[in-house]
Amino acid sequence: MSAKNIVLIGFMGVGKSMFSNRLGNILNRDVLSTDDLIEQKEGRLVSRIFADSGEAYFRRVEREIVREVSQRKDVIIDCGGGVVLSPENTASLKKTGTLIYLKASPERIYENIKEQGHRPLLSGDDPRARIAELLAQRKPLYEQADYTIETDHKTVEQVCEEIITLLSYE
Ligand code: S3P
């Protein structure tokens, strides 16, 4: 397997952090989460940044973090669901990494996130409709990935195995 970064992208609630961490254990590679790095840099939670400073500010910090993590080598990058909204982010992640889109159905995403209260973009009255709307908007952006893996009904081990198999051909 090459020393390119493994970059996991996909919608909120797909399980990117879970897959990244498992993959990091299996491959013995460092895992960098853009959301965690943003929170460390800002000293506050993502939900606080959205509430107090707004989405545009969050995206600015996110772009800085993506620029930094794209300079690394041989790591796994767990991207917040909106990283692909900036073409600059997608381009710099692609330069040093292989992008893998972890794809889940809106129903699955809803089931995964409904118990969790920390997604500012899904906190309105009708999260199901919001998921469907945002997914439709972002579909072409996620599909810029090098590979797509369907995650519905798969275990974390199965998904990691698929990723490793795909990357072994690189
Ligand atoms: C966002 C996804 C979140 C987080 C922020 C915005 C998005 O990350 O970056 O709430 O725009 O999709 P996760 O995908 O890890 O939930």
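Above this note sits the structure.
Only a predicted model underlies this, so the values are computations on that prediction, with no experimental measurement involved.

Some points on the overall build of the protein
For the protein, the count of helices and strands is eight helices and five strands. For the protein, the α and β elements follow one another from N to C terminus as β-α-β-α-α-α-β-α-β-α-α-β-α. Taking 15 Å as the expected radius of gyration for a compact globule of 170 residues, we find that the protein reaches 15 Å, a close match to that expectation. Each principal axis of the C-alpha atoms in the protein carries an extent, and together these give about 45 × 35 × 25 Å. Within the protein, buried positions represent 43% of all 170 residues.

Thoughts on the nonpolar core
Residues Ile9, Phe11, Leu93, Leu102 and Ile163 are the most contacted members of the largest nonpolar core, which totals 46 residues. Filtering out sequence-adjacent residues up to four positions away, Ile9 remains in contact with Lys16, Cys79, Val84, Leu99, Ile100, Tyr101, Leu102, Tyr142 and Ala145.

Regarding unusual backbone geometry
Backbone geometry places Asn28, a non-glycine residue, at a positive phi of 55°. Take Asn28: it is sitting in the loop between helix 1 (16–27) and strand 2 (31–33). On the basis of relative accessible area, Asn28 is assigned to the exposed category, the value being 71%. Despite not being glycine, His153 has its phi angle at roughly 60°, a positive value.

Some points on the packing of aromatic side chains
Applying the stated criterion across every chain, the model contains two aromatic pairs. Judged by centre distance (5.0 Å) and plane angle (15°), the ring pair of Tyr101 and Tyr142 falls under stacked. With Tyr101 in strand 4 (residues 97–103) and Tyr142 in helix 7 (residues 127–142), this pair connects stretches of sequence that are 41 residues apart. This pair shows no difference in class: Tyr101 is buried, exactly as Tyr142 is.

Brief notes about the site of the ligand
Not every one of the 14 residues close to the ligand is listed here, only the nearest: Lys16, Asp35, Arg59, Arg119 and Arg138. With respect to the ligand, the side chain of Arg59 contributes an N or O atom lying 2.7 Å from an oxygen atom. Taking 380 Å² as the accessible area of the ligand by itself, protein coverage stands at 94%. Looking at the shell around the ligand, its residues break down into six nonpolar, three polar and five charged.

Observations concerning the packing of helix 3 (residues 46–53) against helix 4 (residues 55–69)
Where helix 3 meets helix 4, the axes come as close as 7 Å, and the angle between the chain directions of the two elements is 130°. Considering their axes alone, helix 3 and helix 4 lie oblique with respect to each other. Residues Val46, Ile49, Phe50 and Ser53 of helix 3 touch helix 4, and the partners they reach there are Glu55, Tyr57, Phe58 and Arg59.

Rules used throughout
- Residues numbered from 1 in each chain as written.
- Predicted model: local features only at pLDDT ≥ 70, side-chain atom pairs only at ≥ 80, totals over all residues.
- Heavy atoms only, no water.
- Helix = DSSP H or I, 4+ residues; strand = E, 2+ residues; numbered from the N terminus.
- Rg over C-alpha atoms; globule rule 2.2 N^0.38 Å.
- Buried < 20%, exposed > 50% of the residue type's maximum accessible area, 1.4 Å probe, protein only.
- Core = buried A, V, L, I, M, F, W, Y, C linked by side-chain atoms within 4.5 Å.
- Contact = heavy atoms within 4.5 Å.
- Phe/Tyr/Trp six-rings, centres within 6.5 Å; stacked < 30°, edge-to-face > 60°.
- Near = heavy atom within 4 Å.
- Polar contact = N/O pair within 3.5 Å; in protein donor to acceptor, adjacent residues only side chain to side chain.
- Areas by Shrake-Rupley, 256 points an atom, 1.4 Å probe, with all protein chains shown as cover.
- Nonpolar A, V, L, I, M, F, W, Y, C, P; charged D, E, K, R; others polar.
- Axes fitted to C-alpha atoms, helices over the stretch in contact; angles between N-to-C directions.
- Parallel < 35°, antiparallel > 145°, perpendicular 65-115°, else oblique.

Note that all results are geometric; they support no functional claim without further evidence.
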